[in-house]
Amino acid sequence: MNQVTADLPLPSPTQLMLQASGLNVYYGESHILRDVDLSVPAGQMVCLIGRNGVGKTTLLKTIMGLLKPRTGTITLAGESITSKSPDKRAKLGIGYVPQGREIIPRLTVKENLLLGLEARPSGRKGNEEVPEEIFALFPVLKSMLSRMGGDLSGGQQQQLAIARALMGKPKLLVLDEPTEGIQPSIILEIEAAVRRIVQSTGISVLLVEQHLHFVRQADRYYAMQKGGIVASGVTSELSNEVIQKFLAV
Ligand SMILES: Nc1ncnc2c1ncn2[C@@H]1O[C@H](COP(=O)(O)OP(=O)(O)OP(=O)(O)O)[C@@H](O)[C@H]1O
Ligand SMILES: [Mg+2]
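## A short note on the coordination of the magnesium ion (ligand 2)
Step number 1: Looking at the metal site, the magnesium ion (ligand 2) is ligated by Thr-57 (OG1) and Gln-99 (OE1), spaced 2.0 to 2.3 Å from it. Separated by 42 residues along the polypeptide, Thr-57 in helix H1 (residues 56-64) and Gln-99 in the loop between strand S6 (94-97) and helix H3 (109-115) bring together distant segments of the chain.
Step number 2: Gln-99 sits in the partly exposed class, given a relative accessible area of 29%.

## Focus: the site of ligand 1
Step number 1: Around ligand 1, the neighbouring residues are Tyr-27, Ile-32, Arg-51, Asn-52, Gly-53, Val-54, Gly-55, Lys-56, Thr-57, Thr-58, Gln-99 and Glu-177.
Step number 2: Taking Thr-58, its side chain carries an N or O atom lying 2.5 Å from an oxygen atom of ligand 1.
Step number 3: Starting from 640 Å² of accessible surface for ligand 1 in isolation, the protein chains cover 58%.
Step number 4: Here the shell around ligand 1 takes 3 residues from H1, the largest share from any one element.
Step number 5: Looking at side-chain class alone, the shell around ligand 1 contains 3 nonpolar, 6 polar and 3 charged residues.

## A closer look at the sheet that holds strand S5 (residues 79-80)
Step number 1: Spatially, 4 strands are ordered S2-S1-S4-S5 in an open sheet, and the strand pairing comes out antiparallel. Two strands close off the open sheet at either side, each with one partner strand: strand S2 (30-41) and S5.
Step number 2: The sheet contact formed by strand S4 (residues 71-76) and S5 spans 2 bridges and is antiparallel. Directly across from Thr-75, in S5, lies its bridge partner Ser-80.

## Observations regarding unusual backbone geometry
Step number 1: One non-glycine residue, Asp-35, adopts positive backbone phi at about 50 degrees.
Step number 2: According to the relative accessible area criterion, Asp-35 is exposed, its value standing at 54%.
Step number 3: Residues other than glycine seldom take positive phi values, yet Lys-226 does so here, at roughly 45 degrees.
Step number 4: Note on placement: Lys-226 falls in the loop between strand S9 (220-225) and strand S10 (228-234).

## Brief notes about the environment of Lys-110
Step number 1: Position of Lys-110 relative to the elements: it lies in helix H3.
Step number 2: A sequence separation of 128 residues divides Lys-110 from Leu-238, and the C-alpha atoms of the two residues are 40 Å apart.
Step number 3: The contacts of Lys-110, once residues within four sequence positions are left out, are Glu-129, Val-130 and Leu-145.

## A look at the packing of aromatic side chains
Step number 1: This structure, assessed with the given rule, holds 0 aromatic pairs.
Step number 2: Here the guanidinium or amino end of Arg-70 rests over the ring plane of Tyr-26, the centre of that ring lying 3.6 Å away.

## Comments concerning helix H5 (residues 154-167)
Step number 1: Compared with the 20 Å implied by 1.5 Å per residue over 14 residues, the 20 Å span of H5 between its first and last C-alpha is a close match.
Step number 2: Within H5, 13 of the 14 residues are buried, which leaves the element mostly enclosed by the surrounding structure.
Step number 3: Positive phi shows up at Lys-169, right after H5, with a value of about 50 degrees.

## As for the sheet that holds S6
Step number 1: Strand order in the open sheet made by the 6 strands is S6-S7-S8-S3-S9-S10, with mixed pairing throughout. Pairing within the sheet leaves two strands with one partner each, and these edge strands are S6 and S10. Between one strand and the next, the sheet's axes are offset by a mean angle of 15 degrees, whatever the strand orientation.
Step number 2: The pairing of strand S3 (residues 45-49) with S9 spans 4 bridges and is parallel. When the bridges of S9 are listed, Cys-47 appears paired with Tyr-221.
Step number 3: Its contacts with the sheet put H5 on S6 and strand S7 (172-176), and the angle it makes with S6 is roughly 165 degrees.

## A few points about the pattern of salt bridges
Step number 1: With the rule as written, the count across this model stands at 3 salt bridges.
Step number 2: The residue Arg-124 makes a salt bridge to Glu-118 at a minimum N-O spacing of 3.8 Å.
Step number 3: A relative accessible area of 42% means that Glu-118 is categorised as partly exposed.
Step number 4: Close ionic contact of Lys-142 with Glu-132 constitutes a salt bridge, the shortest N to O distance being 3.2 Å. Of this pair, Lys-142 sits in the loop between helix H4 (132-137) and H5 while Glu-132 sits in helix H4, and the two are 10 residues apart along the sequence.
Step number 5: Its relative accessible area of 43% is what places Lys-142 among the partly exposed residues.

Each value, and the rule that gives it
- Throughout, residues of each chain are indexed from 1 in the direction in which the sequence is written.
- Lettering of chains starts at A and numbering of ligands starts at 1, both following the order in which they are written.
- Where totals are concerned, whole chains, interfaces and linings use all residues; where local detail is concerned, this predicted model gives features only for residues with pLDDT of at least 70, and gives and counts side-chain atom pairs only at 80 or more.
- As a convention, hydrogens and water are excluded, and side-chain values are obtained from all of the structure's heavy atoms.
- Because no water is among the atoms considered, metal sites can look incomplete, with donors defined as N, O and S atoms within 2.8 Å of the metal, or 3.2 Å for Na, K and Ca.
- Helical segments are the DSSP runs of H or I of at least four residues, strand segments are the runs of E of at least two, and each set is numbered from the N terminus.
- The buried label applies to any residue whose accessible area, calculated with a 1.4 Å probe on protein chains only, is under 20% of its type's maximum; exposed applies above 50%, and partly exposed to all values in between.
- We call a residue near a molecule or strand as soon as one heavy atom of that residue lies within 4 Å of the molecule or strand.
- Here a polar contact means two N or O atoms within 3.5 Å. Within protein one must be a hydrogen donor candidate and the other an acceptor candidate, and residues neighboring in sequence count only if both atoms are side-chain atoms.
- Where accessible areas are quoted, they stem from the Shrake-Rupley method and a 1.4 Å probe; at the residue level, only the protein chains shown are allowed to cover.
- Side-chain classes follow a simple rule in which Ala, Val, Leu, Ile, Met, Phe, Trp, Tyr, Cys and Pro form the nonpolar group, Asp, Glu, Lys and Arg form the charged group, and the remainder, Gly included, forms the polar group.
- Two strands pair if DSSP finds at least two bridges between them.
- In what follows, residue pairs with any heavy atoms lying within 4.5 Å of each other are defined as contacts.
- Paired rings are identified among Phe, Tyr and Trp, the last through its six-membered ring, by centres lying within 6.5 Å, and are further divided according to the angle between planes into stacked (under 30 degrees), edge-to-face (over 60) and tilted (the rest).
- Whether a charge sits over a ring comes down to the Lys NZ or Arg CZ being within 6 Å of the ring centre and within 35 degrees of the ring normal.
- For a helix, the expected span equals 1.5 Å multiplied by the number of residues minus one.
- Axes here mean lines fitted to C-alpha atoms, for a helix over just the part in contact, with angles spanning 0 to 180 degrees between N-to-C directions.
- One speaks of a salt bridge when a side-chain nitrogen belonging to Lys or Arg is within 4 Å of a carboxyl oxygen belonging to Asp or Glu.

Pasting the structure below:
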């Protein structure tokens, strides 16, 4: 008997670096995330867009294990991480740069960078140096290694925060609005560095971003409204309608 195979096969879980399915997340009794499905194919950059307060940070925190979903599952490279701690998720290969960066102001740039080693499965040994690849991506940091983190400009702190996440050798880099409050020329530098990370290292990226030019660097997008995903696709087909509806441009 002939079988009708109209459905396209789903990508196998190992082709997906991250897969979140059916996430429902609450703050107390407020229902914030509603049945969210989102995936990041291995080696790709995926951008999450949406206006203020729709739940973008809540989704990233749930992926990091900082918030517990009431329902839903999350896998990293095919392995379930739904019940793992944030620390364990970091060691399994998710590097996270939270909104607002959170570098340590009273440590030097070098000390901030070396803290990133703690996310490696082998932990921190004490004699490591900052690899040259980090300075190739963020040249500004090389001349500032002994400066206090808190004395860097906003743009430099953001570059430091991304570099620190890379020190953990992640498989997936999760960035929450890395260009918020940063001047346009530095936005372009950060954008170029993130693109280079994806192209040259194979690290997958999940990015929350409002700047259209940066959003367009991503391979795919998801648009969120009131805690639900309402549109998704490849960024090359991002329509003006979607842009006007979901980006604060
Ligand atoms: N700790 C909290 N307790 C209760 N409600 C919260 C908490 N954090 C966020 N919220 C609410 O959850 C909703 C989603 O917030 P979230 O920070 O995820 O939005 P966002 O899309 O990241 O916004 P922005 O673009 O401003 O960063 C908002 O209504 C917010 O007020
Ligand atoms: Mg946010």
